[in-house]
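Per-entry structural report
Read off the chains here:
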Amino acid sequence: MFEIKDVEYKNVLRVKEMEVNEGEIVCIVGESGGGKSTLLRLLNKSLSPTKGTISFRETNLADLDSVSHRRNVVYLNQTPHMFPGTIRDNLLIALRFHEKEDLGDDALMTILRQVRLSKSLDMDVKHLSGGERQRLALGRVLLLDAEVYLMDEPSSSLDDESENLIIEAVVRFAKENNKTLIMVTHSKAQARKHADRIYEIKNGHQAEVD
Amino acid sequence: MDNGVIELTFWQVLLGYVFVVLVLFVLRKRAIKRETVLVIATFRMTLQLVAVGYVLTLIIENPHPLITLAVLLLMLAFAVFTVFRKFKEDLTPSLKKVVAIALPAGSLLSLGYFLFVVIRVEPYYNPQYFIPITGMIVGNSMTGITLGIHTLVNRFTDQKDAVIEALHLGATPKGASHEIVNEAFDAAIMPTVNNMLGMGIIFLPGMMTGQILSGVAPTTAILYQIGVMLGILGGVALSTYFFLLMGYRTFFNKDAQLKTTL
């Protein structure tokens, strides 16, 4: 599905070769600040490589329409931005960005349960904690029904127990719906437990996984 | 004049300068270092107005379509360059291009409609109508666009995270800038709308006051003022709308990414 060859982004990241197949769960591990987020942004075309090519289904990413690609390959930021308003507003805004119909409250509540956020849809997001925001943002991207999910440490603001639950929920969602999941995580244990394939990025360079 | 206007003589106007002396006195006494500026401002105002008075007399007494056109172009160019000068390096070259298109386009549309459809000026280049109305519409459009630029540039900087998040979520640049563009449009037209709210109660607008002072019946002056105010609203709204419609695009590159220069 994704093929990366000799890709560079400024002095931040250098990847020699990488491959992701349809329906796979791929984990990217490595120290923070090592370029993992940059890699996800390159795959989502939020950044364009300064050297090399990334292909998506055998087409060079540079030739694909950025917006349609991003709708297909959704990226979840590590510290997601909340738009002013309620939880409902923050869920629906993603659908509006995708020019999709609004969903009813029942569907939105189902998503909130999936990400283990038991809050009212009418609650103002400014009252949410960091971990709750992260779960809401996760729910927001799950609503979009994309083909590929790029997740940048989706559980970094959570305690260990919630972290396991959330990662498991994400992995289950991907498997049940036949989605491709590329997830950045700091935990090699998590990666080994769930991934079909693991890549490591060290100091901006692709490294062998030990 | 036969309609009872008191003609001011040079000596009468000179008496008005007593207020400048008064302000200079206060500035000196309180050691506020603004005397030089005030003196320069007084001189410039006097000189500029005397000069424009003679120029306008000349133009109005010798109406010619080319002269009217030249004045119109001069005013538009002056307005565009005033905006450029105000923002200096904050305006990217592509945003400058947008200003240079939007400001004349919006002003001319409103001006054309007002002069040829509403007032129906005869002959079409009649400088007596053309020049003062152009000045008011272009001047206000310039202020509107200035406020629009200010909000647009500031919001793209302080709401950068929201724009990037929207793009990550699959928004088009248009979708990601929707709120910012709305806010900039609102900021641009609000002073004009507030002006309309207060007009006639809090203050009497300059044009109407001028017409009444020069002997025009208040009812006629009011009709002109209403018309001009609507023309100004049109000019401000159209110029800003054109500007924003093209302007937000300059913040994104061809890959629909927010430009990194922000």
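Residues numbered from 1 in each chain as written. Chains lettered and ligands numbered in written order. Predicted model: local features only at pLDDT ≥ 70, side-chain atom pairs only at ≥ 80, totals over all residues. Heavy atoms only, no water.

**Focus on the overall build of chain B**
Looking only at helices and strands, chain B has 10 helices and zero strands in total. Going from N to C terminus, chain B has its helices and strands arranged as α-α-α-α-α-α-α-α-α-α. If one aligns the C-alpha atoms of chain B with their principal axes, the spans along those axes are about 70 × 55 × 35 Å. Across the 262 residues in chain B, those meeting the buried criterion constitute 35%. Accessible surface, chain B as shown: approximately 15600 Å² in total, 70% of it carbon and sulfur. Averaging the positions of the 18 positive and the 14 negative side-chain charges in chain B gives two centres separated by 8 Å. (Helix = DSSP H or I, 4+ residues; strand = E, 2+ residues; numbered from the N terminus. Buried < 20%, exposed > 50% of the residue type's maximum accessible area, 1.4 Å probe, protein only. Areas by Shrake-Rupley, 256 points an atom, 1.4 Å probe, with all protein chains shown as cover. Lys, Arg positive; Asp, Glu negative; His and termini not counted. Charge placed at Lys NZ, Arg CZ, Asp CG, Glu CD.)

**Let's talk about the packing of helix H6 (residues 127–158) of chain B against helix H10 (residues 218–247) of chain B**
Residues and elements named next belong to chain B. Interaxial distance between H6 and H10 falls to 8 Å at its minimum, and their mutual angle equals 40 degrees. By the angle between their axes, H6 is oblique relative to H10. Note on packing geometry: the crossing formed by H6 with H10 is right-handed. The residues of H10 that touch H6, namely those facing Tyr 129, Ile 133, Met 136, Ile 137, Asn 140, Ser 141, Gly 144, Ile 145, Gly 148, Ile 149 and Leu 152, are Tyr 224, Val 228, Gly 231, Ile 232, Gly 235, Val 236, Ser 239, Thr 240, Phe 243, Leu 244 and Gly 247. Partitioned by chemical class, the residues of the contact of H6 with H10 number 13 nonpolar, nine polar and no charged. (Axes fitted to C-alpha atoms, helices over the stretch in contact; angles between N-to-C directions. Parallel < 35°, antiparallel > 145°, perpendicular 65-115°, else oblique. Left-handed = near helix turned anticlockwise from the far one by under 90°. Contact = heavy atoms within 4.5 Å. Nonpolar A, V, L, I, M, F, W, Y, C, P; charged D, E, K, R; others polar.)

**A look at the interface of chain A and chain B**
Contacts between chain A and chain B engage 22 residues on the former and 15 residues on the latter. Between chain A and chain B lies a buried interface of about 1600 Å² when both sides are counted; carbon and sulfur atoms form 54% of it. Contact with chain B buries area across many residues of chain A, yet A:Arg70, A:His81 and A:Phe97 alone supply 34% of it, more than any other trio. Where chain A touches chain B, the interface holds two salt bridges. Measuring nitrogen to oxygen at the nearest pair gives 3.1 Å for the salt bridge that ties A:Arg140 to B:Glu165. Counting across the chain A and chain B interface gives 12 residue pairs in polar contact (both at pLDDT 80 or more). Every element with two or more residues in the side of chain A that touches chain B is listed here: helix H2 (66–72), helix H3 (87–97) and helix H5 (130–142) of chain A. Among the elements that take part in the side of chain A that touches chain B, H2(A) stands out by supplying four residues, more than any other. Grouping the amino acids of the side of chain A that touches chain B by side-chain chemistry returns nine nonpolar, seven polar and six charged. (Buried area = accessible area lost by both parts, 1.4 Å probe. Salt bridge = Lys/Arg side-chain N within 4 Å of Asp/Glu carboxyl O. Polar contact = N/O pair within 3.5 Å; in protein donor to acceptor, adjacent residues only side chain to side chain.)

**Structural notes on the domain arrangement of chain B**
Residue and element names in this part refer to chain B. Split by domain assignment, chain B resolves into domain 1 (1–62) and domain 2 (65–251). Its C-alpha centre places domain 1 at a distance of 28 Å from the equivalent point of domain 2. Between domain 1 and domain 2, the contact holds six residues from the first and eight residues from the second. Across the interface of domain 1 and domain 2, roughly 540 Å² is buried in total on both sides, 78% from carbon and sulfur atoms. The tally of links from domain 1 across to domain 2 stands at zero residue pairs in polar contact (both at pLDDT 80 or more). The residue makeup of the side of domain 1 that touches domain 2, split by class, is four nonpolar, two polar and no charged. (Domains from an automatic or database assignment.)

**So, the environment of A:Pro154**
Residue and element names in this part refer to chain A. Assignment of secondary structure puts Pro 154 in the loop between strand E7 (148–152) and helix H6 (160–176). Along the chain, Pro 154 and Val 170 lie 16 residues apart, while their C-alpha atoms are 9.0 Å from each other. Contacts of Pro 154, omitting those with residues within four sequence positions, involve Leu 76, Gln 134, Ile 166, Ile 167, Met 183 and Val 184.

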